[in-house]
Amino acid sequence: MTPQAALPMTDAAFALTLALLLLAPLAIAGVALINTGLGRCRSAAQALLGNLAMVAVTAIVFALVGAALTGNLPGTPGGAGHVFSLAGKPWNWLGAGSFLLGGLGAAPAQSQLALLFEFLAVAMAALIPWGSGADRLRLTAGCAIAALLAAVVFPLVAHWVWAGGWLAQLGVNFSLGDGFLDGGGAATVHVLGGLSALAVVWIAGPRKGKFPKEGLSTALPGHNAVYVLFGCLLALVGWLGWNVAGAVLWLHAPLTALPVTAVNTVLSASGAIAATFGITRARFGKPDASLCANGWLAGLVASSACAGIVTPVESLFVGVVAGVATPLLVELLELALSIDDPSGAITVHAVGGLWGLLAAGIFAPQAGQLLAQLVSIATLLGLVLPLVYLLFWLLNRVVAFRVDSDGERIGMDLHELGGGAYPEFVIHRDESYR
Amino acid sequence: MKYAGLLVMPAGFFLSIAALVLFSAPAQRAAFVLCGLAVECLGLVVAVRGHMEARGENRR
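For clarity, every value in this text was computed on a predicted model and none was experimentally measured.

Q: Break down the nonpolar core for me, citing the residues and quoting the values.
A: Soluble globular proteins tend to pack their nonpolar side chains together in the buried interior. Phe-392 and Phe-401 of chain A are the most contacted members of the largest nonpolar core, which totals 142 residues. Other than its neighbours up to four places away in sequence, Phe-392 of chain A contacts Ile-145, Leu-148, Leu-149, Ser-196, Ala-199, Val-200, Ile-203 and Phe-401 of chain A.

What follows is the structure in structure tokens.
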């Protein structure tokens, strides 16, 4: 399927896209459950409250500031932006919409839906680093990170990709296919979130006892596999809504092409979990539940980039590759690179998303599309990661990311909330502190 | 070392952008964009190595 030219939205397309977007919060709920389940039981309430807080903070900040910088309001997508000229080409680098959501009610149907999509997307992007900082990231710091993402970084990337920014215009300005394609938010949500997670993990450091003075890293398994796996099922429903709505909004797909997008989403996730299941069974003798969940999620993330572009067989292949890479990279990051990422977000969201974006370029039929995707990947790695790291490094000077060692010892629930998620349970003494 | 790696990464990005502006032939553009990505990967590797060294010092 190749992206069609944008046409005025019919009532049927508007109603369908709105209905699909109302399913998308289930993906947020799924990721919140996964984040919570992969953390430790003494931080479970703080983790889930943090997820709620991220959604609230991003909604408020994005409404007040971020939506204006994204530039979808007022007028049609791509209508508002700050442009400079280089080598005779316009480079639309920042949105110039109205602040405080002014003119939302009077905006065209497609702009309203685009804004709703972005509202949900920014919340999802903020949840990803929160999961990676589990068990040591303070609630205040998580909210500050979410605010920064919603106010500055997400609007910048979303404008480039979805609101007529320079990445979206690569096709028009440089004859690179149809410009950068990201139907489900693989770049704006998942790669951005995954790279933010890497920055958070680098700045906050590993959990106490994770990398002891002697020997290999200590296994700190998630406390509730049921949350994690149920979160995966919830995420599928939300992802279906997100990918199909994204195909309508950003790829301008006709309604008849939408079932293929949904099938591709399911196939990518299925191929990924089957591959992870096989890999973990071959390596450990039994399949690993949390890694299989990560594989499933990596398949969904990869589908965000390419579900609206590839064929079902190609989508299955994309999922299988994501599923093979996930357990190997999770192990590499932890054992070889000393990166403590409890939710596996760096692998699942950053690497899975980058692979999906690359696959979209490889399998897209139009000439030059692969180069457009590569330029976008170069932008995410070469510009967005250093920018996010710099902003978070500065933020850490103002709002310390990491809880003190006493708080980490007693758990984030008791330290930050004054009570645990499971008050009637006996919490075992942590052997790693001996 | 981590900061050095993170400073190298934008150089790769600008190399990729320069490829779009300076060249019109698809092959030349692709080669330069790939070079830009390679520079970014190099920067990422340096940053990760810096992180590992810092972790090693903390363990000792």
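Resuming the write-up.
Q: Tell me about the side chain of Thr-70 of chain A, and please be specific about residues and values.
A: All names here are of chain A. Examined against the element boundaries, Thr-70 turns out to sit in helix H3 (residues 44–70). Residue class for Thr-70 comes out buried when judged on its relative accessible area of 0%. A distance of 2.9 Å separates a polar side-chain atom of Thr-70 from the backbone oxygen of Gly-66. Excluding residues that lie within four positions of it along the chain, Thr-70 makes contacts with Phe-62, Gly-95, Glu-118, Pro-155, Ala-158, His-159 and Ala-163.

Q: Can you lay out the packing of aromatic side chains for me, pointing to particular residues and giving the numbers?
A: Within this structure, the stated rule accounts for 18 aromatic pairs over all chains. Between Phe-117 of chain A and Trp-162 of chain A, the ring centres sit 5.1 Å apart and the planes meet at 85°, which makes this aromatic pair edge-to-face. Placement of the pair is Phe-117 of chain A in helix H4 (residues 109–132) and Trp-162 of chain A in helix H5 (residues 139–162), with a sequence separation of 45 residues. Judged on exposure class, the residue Phe-117 of chain A and its partner Trp-162 of chain A are both buried. With a centroid separation of 4.7 Å and 50° between ring planes, the pair formed by Phe-23 of chain B and Phe-32 of chain B is classed as tilted.

Q: Can you break down the packing of helix H7 (residues 186–204) of chain A against helix H13 (residues 369–398) of chain A residue by residue, with the values?
A: All names here are of chain A. Close contact between H7 and H13 brings their axes to 9 Å; oriented N to C, the two are set at 45°. If you check the angle between H7 and H13, you find them oblique. As for the relative orientation of H7 and H13, their crossing is right-handed in sense. Facing H7, whose interface residues are Ala-187, Val-191, Leu-192, Leu-195, Ser-196, Leu-198, Ala-199, Val-200, Trp-202 and Ile-203, H13 presents Leu-380, Leu-381, Val-384, Leu-385, Val-388, Tyr-389, Phe-392, Trp-393 and Asn-396. Within the contact of H7 with H13, the residues separate by chemical class into 17 nonpolar, two polar and no charged.

Q: I'd love a proper account of the pattern of salt bridges, names of residues and values included.
A: All names here are of chain A. A full pass over the atoms with the stated rule returns six salt bridges over all chains. Residue Asp-135 pairs with Arg-207 through a salt bridge whose shortest N-O separation is 3.1 Å. Note that Asp-135 is positioned in the loop between H4 and H5 and Arg-207 in the loop between H7 and helix H8 (225–249), a separation of 72 residues in sequence. Shared partners join several salt bridges into a network, and the residues in it are Asp-135, Arg-207 and Asp-340.

Q: Explain the interface of chain A and chain B to me, and be specific about the residues and the numbers.
A: Between chain A and chain B, the contact holds 32 residues from the first and 24 residues from the second. Summed over both partners, the interface of chain A with chain B buries about 2,500 Å², with 75% contributed by carbon and sulfur atoms. Where chain A packs against chain B, one counts zero salt bridges. Where chain A touches chain B, the interface holds five residue pairs in polar contact (both at pLDDT 80 or more). Secondary structure elements with two or more residues in the side of chain A that touches chain B: helix H6 (170–174), H7 and H13 of chain A. The dominant element in the side of chain A that touches chain B, judged by the number of residues it contributes, is H13 of chain A, at 13 residues. Its residues placed into classes, the side of chain A that touches chain B shows 26 nonpolar, five polar and one charged.

Cut-off values and rules
Every chain begins its residue count from 1, and numbering advances along the sequence as written. Chain letters and ligand numbers both follow the written order, the letters beginning at A and the numbers at 1. Per-residue local features of the predicted model are confined to residues with pLDDT of at least 70, and side-chain atom pairs are confined, for both listing and counting, to 80 or more; whole-chain, interface and lining totals are unaffected and use all residues. The side-chain figures draw on all heavy atoms in the structure; neither hydrogens nor water molecules are used. In this description, a nonpolar core means a group of buried Ala, Val, Leu, Ile, Met, Phe, Trp, Tyr and Cys residues linked to one another through side-chain atoms lying within 4.5 Å. When a residue's accessible area, from a 1.4 Å probe over protein chains only, is under 20% of the maximum for its type it is buried; when over 50% it is exposed; and in between it is partly exposed. We call two residues contacting when some pair of their heavy atoms lies within 4.5 Å. Secondary structure elements are taken from DSSP: a helix is a run of H or I of four residues or more, a strand is a run of E of two residues or more, and numbering for both begins at the N terminus. Whenever two N or O atoms come within 3.5 Å, that pair is a polar contact, provided that in protein one can donate a hydrogen and the other can accept it, and provided that, for residues adjacent in sequence, both atoms are side-chain atoms. We call Phe, Tyr and Trp rings a pair once their centres come within 6.5 Å, taking the six-membered ring for Trp, and we label the pair stacked below 30 degrees between planes, edge-to-face above 60, and tilted otherwise. Here an axis means a line fitted to C-alpha atoms, over the contact stretch when the element is a helix, while the angle between two N-to-C directions is reported on a 0 to 180 degree scale. Oblique is the label for any angle not under 35 degrees, not over 145, and not in the 65 to 115 range, which are roughly parallel, roughly antiparallel and roughly perpendicular in turn. For a crossing to be left-handed, the near helix must be turned anticlockwise from the far one by less than a right angle; the clockwise case is right-handed. Under the scheme applied here, ten amino acids are nonpolar (Ala, Val, Leu, Ile, Met, Phe, Trp, Tyr, Cys and Pro), four are charged (Asp, Glu, Lys and Arg), and all others, including Gly, are polar. Criterion for a salt bridge: a side-chain nitrogen of Lys or Arg within 4 Å of a carboxyl oxygen of Asp or Glu. Put simply, buried area is the surface a 1.4 Å probe can reach on two separate parts but cannot reach once they are joined, added for both.

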